[in-house]
Amino acid sequence: MAQLNIQHIDKVYDNQVQAVFDFNLDVADGELIVLVGPSGCGKSTTLRMIAGLEDITAGRLLLDGADITQTPAKDRDMAMVFQNYALYGHMTVYENMAFSLTLRKENPNVIHKKVLAAAEILGLTSQLNKKPAQLSGGQRQRVAMGRSIVRNPRVFLFDEPLSNLDAKLRGATRREILLLHKRLGATMLYVTHDQTEALTLADRIVCMSMGHVQQVGTPLELYDSPANRFVAGFIGLPPMNFFDVTVREGELEGKGFRVPLGEAERAALAPYAGREIELGVRPENVQEGGEIGMKVFSNENLGMNTLVHGHIGGRNTPENKLSAKLRGWYDFKEGDEVKMAFNRCHFFDKETGNAIRKGE
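Residues numbered from 1 in each chain as written. Predicted model: local features only at pLDDT ≥ 70, side-chain atom pairs only at ≥ 80, totals over all residues. Heavy atoms only, no water.

Applying the stated criterion to the full structure yields eight aromatic pairs. Here the aromatic rings of F156 and F158 are separated by 6.5 Å at their centres, their planes lie at 15°, and the arrangement is stacked. Considering the side-chain rings of Y330 and F332, the 5.3 Å spacing of their centres and the 15° angle between planes classify their relative orientation as stacked. The class of Y330 is partly exposed, set by a relative accessible area of 22%. (Phe/Tyr/Trp six-rings, centres within 6.5 Å; stacked < 30°, edge-to-face > 60°. Buried < 20%, exposed > 50% of the residue type's maximum accessible area, 1.4 Å probe, protein only.)

An α-helical turn contains 3.6 residues, so a residue and the one three or four places further along point in the same direction. Taken as a whole, helix α2 (residues 93–103) has its buried residues at V93, N96, M97, A98, S100 and L101. On its buried side, α2 packs onto α3 (108–122) and α4 (137–149). Immediately beyond the C-terminal end of α2, within one or two residues, lies K105, with a positive phi of roughly 60°. (Helix = DSSP H or I, 4+ residues; strand = E, 2+ residues; numbered from the N terminus. Contact = heavy atoms within 4.5 Å.)

Below, the discussion takes up the pattern of salt bridges. Inspection of every chain in the model, using the stated rule, returns 17 salt bridges. A salt bridge links E54 to R48; the nearest nitrogen and oxygen atoms lie 3.6 Å apart. A relative accessible area of 19% places E54 in the buried class. R48 gets classed as partly exposed once you look at its relative accessible area, which sits at 28%. When salt bridges that share partners are traced, they join R248, E251, E253 and R258 into one network. (Salt bridge = Lys/Arg side-chain N within 4 Å of Asp/Glu carboxyl O.)

To continue, consider the nonpolar core. Counting 41 residues, the largest nonpolar core has M97 and Y190 as the members making the most contacts within it. Of the residues forming this core, the biggest block, five residues, is contributed by α3. (Core = buried A, V, L, I, M, F, W, Y, C linked by side-chain atoms within 4.5 Å.)

The next subject is the packing of α2 against α3. The geometry of α2 relative to α3 is characterised by a closest axis approach of 10 Å and an angle of 135° between their N-to-C directions. On the basis of the axis angle, α2 is oblique to α3. Relative to α3, α2 is oriented so that their crossing is right-handed. Counting all contacts with α2, which are made through Y94, M97, A98, L101 and T102, the residues of α3 involved are I111, H112, K114, V115, A118 and A119. The class makeup of the residues in the contact of α2 with α3 is eight nonpolar, two polar and one charged. (Axes fitted to C-alpha atoms, helices over the stretch in contact; angles between N-to-C directions. Parallel < 35°, antiparallel > 145°, perpendicular 65-115°, else oblique. Left-handed = near helix turned anticlockwise from the far one by under 90°. Nonpolar A, V, L, I, M, F, W, Y, C, P; charged D, E, K, R; others polar.)

The subject of this paragraph is the sheet that holds strand β19 (residues 346–348). Spatial ordering of the open sheet is given by β13-β12-β11-β14-β19, a layout of five strands whose pairing is antiparallel. Either end of the sheet is taken by a strand with one partner, and the two such strands are β13 (258–260) and β19. In this sheet, adjacent strand axes meet at a mean angle of 40° when their direction is disregarded. (Pairing = 2+ DSSP bridges.)

Interface size is commonly expressed as the accessible area that is lost once the parts come together. We note that the domain assignment places domain 1 (4–233) and domain 2 (240–349) within the chain. Using C-alpha coordinates to define each centre, domain 1 is positioned 39 Å away from domain 2. Taken together, the eight residues of domain 1 in the interface contact eight residues of domain 2. Buried area between domain 1 and domain 2, summed over both chains or domains, comes out near 740 Å², and the portion from carbon and sulfur atoms is 46%. For the domain 1 face of the interface with domain 2, the top three residues by lost area are Y223, R229 and A232, together amounting to 67%. Connecting domain 1 to domain 2 are two salt bridges. With a closest N to O distance of 2.9 Å, R229 and E278 form a salt bridge. Counting across the domain 1 and domain 2 interface gives four residue pairs in polar contact (both at pLDDT 80 or more). Breaking the side of domain 1 that touches domain 2 down by element, the ones donating at least two residues are α7 (219–224) and α8 (229–234). (Domains from an automatic or database assignment. Buried area = accessible area lost by both parts, 1.4 Å probe. Polar contact = N/O pair within 3.5 Å; in protein donor to acceptor, adjacent residues only side chain to side chain.)

Structurally, R142 is set in helix α4. On the basis of relative accessible area, R142 is assigned to the buried category, the value being 15%. Beyond its immediate chain neighbours, meaning those up to four positions away, R142 contacts L122, G123, L124 and E176.

Before going further, it helps to spend a moment on the sheet that holds strand β17 (residues 321–327). Taken in spatial order, the four strands of this open sheet run β17-β16-β15-β18, and their pairing is antiparallel. Edge positions in the sheet fall to β17 and β18 (337–342), since each of these pairs with one other strand and no more. In this sheet, neighbouring strand axes are inclined to one another by 50° on average, regardless of whether the strands run parallel or antiparallel. As paired elements, strand β15 (residues 286–301) and strand β16 (residues 305–312) share seven bridges and run antiparallel to each other. Bridging from a neighbouring strand, E300 pairs with L307 of β16.

Printed below as a string of structure tokens:
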């Protein structure tokens, strides 16, 4: 496959609006990188620059050491799978998958072998004579992937390929993409706004906001050690709870509640003594039985887990809202009083939004 070096690329449009700022990333041979972030964060623009569909304003793009910054899209040896499938409705599945090879005037026998091989990988062998209109959304997306596979590109690019599918098909197709990556050992860049896709697919995640890279790391690194408040709030479902608290001797003082600190936490927060910081707690890190009183206003049973929403500190305000994901089946009623504890906390600087870590 291929190694890709994205060196400090920017995208500035003619109206002087900058969409991407200093995007810098080395993609290893065979790595699956997922670009994730909210709509408008610059992730699709970045992918289009890599594909050659958008000009790079500044910076360089290297493929296996060769500078392809100015290379036309058709000569980059990359295949892109789009959100809307982009299939030819008058062609059969076979013809759609073979189209790019036919344009290249490859040997028909070679084309036939490549299409059959790709169809077998994607479970499309029985669909080759059908038109796209006869297929489900998931099958159409597999045809789009098959069209890329037959080209045997050096890099696969996916631009939100599952967003038009329903939840069940998204899950099934996501697993197919993961199996495809493992089977081909291909270098892939995948864009999505769906953090579930990012966490389940990626070797590494690039989390973006407002055109800037916020953090690059493995799914576990972004989930367990978010670099800043944005990453902490974006990665994780349900989202992280946030509270304004003041650092006191051995504890954090919130609005109507207190959180005790361990030794490592005390050391990390020593420079913030007497100052206000932001406390982050994931719902799955809240457990029943502790010193923090919670008044329940909603209870959602999810089978093996229960999602409980309420307020803490005796204050029915948005800033004191707490969501807890408890293991087991609970039947809390609105108005119930429950004692909770936080078994894992994250801390963020109020001014910078950056994570406060042990030893920093």
